Amino acid sequence: MSQSKHAIKIWDVPVRLFHWTLLALFAFLFWSGKTGGNAMVWHMYAGYAVLALVIFRVLWGFAGSTHARFASFLAGPRRMFDFARALLSRSPAHSVGHNPLGGWMVVVLLGSLALQASTGLFANDDIATEGPLTALISKELSDRLTTIHRWNFDFLLICAGLHVLAVLFHVFVKKENLVAAMFTGVKKFDGEVVGSKGSAVRFANSWLALGLFVLALVAVYLIVKRPF
Ligand code: HEM
């Protein structure tokens, strides 16, 4: 742990683009899903885009920069305990990348986004819209997956709400501007740093990210269009 002023570049461009594109798509999916009708065509395209983003983010979680990797932010019980103790203590302690709780929240968000996008592929609205794979399964199963698609969206809204509240807690209580960091990539803070890896951040090549994203797009195309 160290105690001085810090300004550490942690988020690479792919993670930042991933995040803000995801937020825009999430807002659009909310609106288009509630609106229905003609908006459903675009709802489906936005859903495919989210699926591609999630596949990309999982790949980037293994191949990306230091703080994008799952191995750097999925904490075991020991780190969770240290973090909870630091959170309850008066002295502010800052994590360089995702904090241990935030790290697991990333997994929950990605998992439930994946569930949302994949159930959408099999869903139907009993009127004019059905997912590109709905015809492959029975109506009964499609109805069940549609119900999961609806319930899981409420779950996602709750998780996204908790996520934003946690970010606001960091901004206003811990005086750590995480939102600016998600835009600029640079996290600034005073005080103790928990699990400092700041000096050893390794940034992966953005061309690799582009290649992985194209791979994710091709995977989604193959799933949706089933050309073979
Ligand atoms: C106004 C709304 C939002 C703000 C201000 C915001 C802000 C942030 C910030 C600051 C982080 C980095 C947290 C850290 O430093 O550990 C983050 C990460 C993340 N957020 Fe959000 N967020 C918003 C909405 C959303 C929504 C709606 C979703 C998904 C449904 C989402 C999914 C994620 C994910 C998956 C990460 C991890 C990023 C990564 O490691 O690739 N966020 N968000």
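Higher on the page you've got the structure.
All figures in this text were calculated on a predicted structure; none of them were measured in a lab. (Residues numbered from 1 in each chain as written. Predicted model: local features only at pLDDT ≥ 70, side-chain atom pairs only at ≥ 80, totals over all residues.)

Teacher, can you tell me more about the site of the ligand here?
Contacts to the ligand come from 22 residues, most closely from His98, Gly102, Ala160, Leu178 and Met182. Only helix 1 (13–35), helix 5 (100–120), helix 6 (139–172) and helix 7 (178–184) provide two or more residues apiece to the shell around the ligand. Of the residues contributing to the shell around the ligand, the split by class is 17 nonpolar, 4 polar and 1 charged. (Near = placed C-beta within 6 Å. Helix = DSSP H or I, 4+ residues; strand = E, 2+ residues; numbered from the N terminus. Nonpolar A, V, L, I, M, F, W, Y, C, P; charged D, E, K, R; others polar.)

Explanation requested: the environment of Leu88 in the structure shown.
Within the secondary structure, Leu88 is located in helix 4 (residues 77–88). Overall, the presence of 7 C-beta atoms within 10 Å leaves Leu88 in the exposed class. Sequence separation between Leu88 and Glu176 is 88 residues, and the spatial gap between their C-alpha atoms is 16 Å. (Buried ≥ 20, exposed ≤ 12 C-beta atoms within 10 Å, placed from the backbone.)

Can you walk me through the packing of helix 5 against helix 6 in this structure?
A pair of packed helices is characterised by two quantities: the angle between their axes and the separation of those axes. Running from N to C, helix 5 and helix 6 cross one another at 155°; their axes reach a closest spacing of 9 Å. When the axes of helix 5 and helix 6 are compared, the pair comes out roughly antiparallel. For the element pair helix 5 and helix 6, the recorded crossing hand is left-handed. Contacts between helix 5 and helix 6 involve Gly102, Met105, Val108, Leu109, Ser112, Leu113, Leu115, Gln116, Thr119 and Gly120 from the former and Leu145, Ile148, His149, Asn152, Phe153, Phe155, Leu156, Cys159, His163 and Ala166 from the latter. (Axes fitted to C-alpha atoms, helices over the stretch in contact; angles between N-to-C directions. Parallel < 35°, antiparallel > 145°, perpendicular 65-115°, else oblique. Left-handed = near helix turned anticlockwise from the far one by under 90°. Contact = placed C-beta atoms within 7 Å.)

Help me out: how do you make sense of the nonpolar core in this one?
A general trend in soluble globular proteins is that nonpolar side chains are found buried together. Counting residues in each nonpolar core, the largest one holds 28 residues, and the members touching the most others are Val50, Leu51, Ala52, Val54, Phe56 and Ala216. Among the elements of the structure, helix 1, helix 2 (39–63), helix 5, helix 6, helix 7 and helix 8 (206–225) are those that each provide at least two residues to this core. The element that contributes the greatest number of residues to this core is helix 2, accounting for 9 residues. Not counting residues within four places of it along the chain, the set of residues in contact with Ala52 comprises Ala216, Leu217 and Val220. (Core = buried A, V, L, I, M, F, W, Y, C linked by C-beta atoms within 7 Å.)

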